[in-house]
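Spelled out from the first residue to the last, the chains are:
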Amino acid sequence: MSSRVYFPQEIIRRKRDGGELGADEIEFMVRGMTNGAVTEGQIAAFAMAIFFRGMSMDERVMLARAMTNSGRVLDWRPLALPGPVLDKHSSGGVGDKVSLMLAPIVAACGGFVPMISGRGLGHTGGTLDKMDSIPGYRTTPDLDQFQQVVRTSGCAIIGQTADLAPADGRLYAIRDVTATVESIPLLTTSILSKKLASGLDGLAMDVKFGSGAFIPPIEGAAELAESMVTVATRAGLATTALLTDMNQVLGTSAGNAIEVREAIAYLKGEARETRLDIVTRALATEMLLLGGLANDSAVARTMVEQALASGSAADCFARMVSALGGPADIAENAERHLSLASAVVAAAPERAGAVTTIDVRKVGLAVMMLGGGRRRADDRIDHSVGLDAIAGLGDHVGPDRPLARIYARSVEDAQDVAAFLRSAFDIGDRAPPQGPVILRRIGGRS
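## Notes on the overall build of the protein
A count of helices and strands for the protein gives 17 helices and 13 strands. At 22 Å, the protein has a C-alpha radius of gyration in line with the 22 Å of a compact globule built from 446 residues. The principal-axis extents of the C-alpha atoms in the protein amount to approximately 75 × 45 × 40 Å. Across the 446 residues that make up the protein, the buried fraction comes to 58%. Sequence separation of 24 or more characterises 78% of the internal contacts of the protein that already satisfy a separation of 6 or more. Only carbon and sulfur atoms are counted for the fraction: they give 50% of the accessible area of the protein, which is about 17400 Å². For the protein, the distance from the average position of its 46 positive side-chain charges to the average position of its 51 negative side-chain charges is 2 Å.

## Points about the pattern of salt bridges
Enumeration according to the criterion identifies 24 salt bridges in this entry. Put simply, Lys97 and Glu259 hold a salt bridge, and the shortest N to O gap is 3.8 Å. Here the residue Lys97 occupies a position in the loop between β1 (86-90) and α5 (98-108), and Glu259 occupies one in helix α11 (residues 257-268), the gap between them amounting to 162 residues. The partner of Arg351 in a salt bridge is Asp429, with the nearest N and O atoms 2.6 Å apart. Placement of the pair is Arg351 in the loop between β7 (343-347) and β8 (353-358) and Asp429 in the loop between β12 (425-428) and β13 (438-443), with a sequence separation of 78 residues. For Arg351, a relative accessible area of 38% gives the class partly exposed.

## Quick look at the sheet that holds strand β6 (residues 254-255)
Sheet architecture is open: 4 strands sit in the order β6-β9-β11-β7, paired in antiparallel fashion. Each having just a single partner strand, β6 and β7 make up the two edges of the open sheet. Sheet topology places β7 next to strand β11 (residues 404-408); 5 bridges connect them, and they run antiparallel. Looking at β11, one finds that Ala347 is bridged to Ala404. Docked against the sheet, helix α17 (residues 411-422) engages β7, β9 (386-388) and β11, running at close to 145° with respect to β11.

## Examining the packing of aromatic side chains
A complete count under the given rule lists 3 aromatic pairs for this structure. Ring geometry for Phe51 against Phe52: centres 5.2 Å apart, planes inclined by 85°, an arrangement best described as edge-to-face. According to the relative accessible area criterion, Phe51 is partly exposed, its value standing at 32%. What makes Phe52 exposed here is its relative accessible area of 63%.

## Side note on the nonpolar core
Ranked by size, the top nonpolar core spans 128 residues in total, and within it Phe317, Ile406, Leu421 and Phe425 carry the most contacts. Setting aside residues no more than four positions away along its own chain, Phe425 makes contact with Val355, Thr357, Ile358, Val363, Ile390, Ala391 and Leu403. Grouped together as the second largest cluster of nonpolar side chains are 22 residues, Val30, Val38, Leu63 and Leu186 included.

## A few points about helix α12 (residues 274-290)
Spanning 17 residues, α12 covers 24 Å between terminal C-alpha atoms, matching the ideal 24 Å at 1.5 Å per step. The N-cap of α12, judged by a side-chain oxygen 3.2 Å from the amide nitrogen of Arg275 a few residues on, is Glu273. Within two residues after α12, Gly292 carries a phi angle of roughly 70°, on the positive side.

## Examining the environment of Gly136
Tracing the chain through its elements places Gly136 in the loop between α6 (127-132) and α7 (143-153). Residues Gly136 and Ser322 lie 186 residues apart in sequence; the distance between their C-alpha atoms is 9.0 Å. Setting aside residues no more than four positions away along its own chain, Gly136 makes contact with Leu324, Gly325 and Gly326.

## Examining the sheet that holds strand β10 (residues 396-397)
In spatial order, the strands read β10-β8-β12; together these 3 strands make up an open sheet with antiparallel pairing. Both edges of this open sheet fall to β10 and β12, since each of them pairs with a single strand only. When β8 meets β12, the two strands line up antiparallel, connected through 4 bridges. Considered in β12, the bridge of Ala354 is made with Gly428.

Thresholds, definitions, all that
- Residues numbered from 1 in each chain as written.
- Predicted model: local features only at pLDDT ≥ 70, side-chain atom pairs only at ≥ 80, totals over all residues.
- Heavy atoms only, no water.
- Helix = DSSP H or I, 4+ residues; strand = E, 2+ residues; numbered from the N terminus.
- Rg over C-alpha atoms; globule rule 2.2 N^0.38 Å.
- Buried < 20%, exposed > 50% of the residue type's maximum accessible area, 1.4 Å probe, protein only.
- Contact = heavy atoms within 4.5 Å.
- Areas by Shrake-Rupley, 256 points an atom, 1.4 Å probe, with all protein chains shown as cover.
- Lys, Arg positive; Asp, Glu negative; His and termini not counted.
- Charge placed at Lys NZ, Arg CZ, Asp CG, Glu CD.
- Salt bridge = Lys/Arg side-chain N within 4 Å of Asp/Glu carboxyl O.
- Pairing = 2+ DSSP bridges.
- Axes fitted to C-alpha atoms, helices over the stretch in contact; angles between N-to-C directions.
- Phe/Tyr/Trp six-rings, centres within 6.5 Å; stacked < 30°, edge-to-face > 60°.
- Core = buried A, V, L, I, M, F, W, Y, C linked by side-chain atoms within 4.5 Å.
- Expected span 1.5 Å × (residues − 1).
- Polar contact = N/O pair within 3.5 Å; in protein donor to acceptor, adjacent residues only side chain to side chain.

Pasting the structure below:
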């Protein structure tokens, strides 16, 4: 370590003025975030300087590594796993329950998936909130139990613990209240610090664009994907990113328990919405390639199909849920364990016709209005509320086909949300042309 003396305000000033920071300066700031030597005001100023001045790829790699090493880094070697350790991250969207199917699919194909997920904030849902809707399921086991569940079940979906990348935990909390979350360098390093700390062999990224995405413009989503792949690869983690469309809800449901129901139905082969199926299979294919479990895309796709058709993916999901305290019969009795709110109202469109555009962000906000999302990180949510039978682009709606079915605490709540939902859908005389679900693939092997 350098013997040079550093001061937080001088590092902040240099970045504020457009300078490029060195490894020692970045490590000093991260160490101060971890032990409290750097104040909240200084962290906020540091984040704001990065927000406006950006970071070079070298700086991003150094910041990701420093935050990774601020806490425990998982080591899977003592468990002697017979397959690669793989994971996926999504930049967030409405109805995105892909992780719930993806982890057990890859586990059924021979991978091991330690998926450390987040909660929803704002209009985008969180994987952890969905898992919390399963009675008894523990989303915060200690890391030793987490590793054992991954070893025995092939996958585990839990929340971030204080042991992993604690510097990022403090930095993110301050970014969230200082309007610096949307910084591409800070998004990149925040996500990757946790993934690098998970001890992965490969990472597949699902970066979304469109009206329901965290970063709606395609240019911004592409920039994030390029940044993620470049920084992860330079930090030693093989990574692929897919740019996927979020101009309509992914799947047919949005909420928490209701999305877990859809995920289970998908795994059992009872219902698979086309766009959800495309994204899930594509990400599973990428993970199998990254882990060396398949030599090419065709082999990987066949493996995914076999995992679904044989029921082994559904079995992996059930084992994971049981191992983390949930009901052992979750797959057989999903409706009994995942109760939905009792007030059910169909949201009728203003006129009959084809859905031409959807403000997907508003669909996510409708779930929040029901109590199924949070405005602040400490808000409690109602897992039983949500939407299903959500219309997609080109669907013909009218008296016999609503925009969505609403599950609410009361009929009055449902009717208020129905009125709001109508403003999210534009109805025309003919279905619009639709683009591909997956626009581009960045990095990785083919």
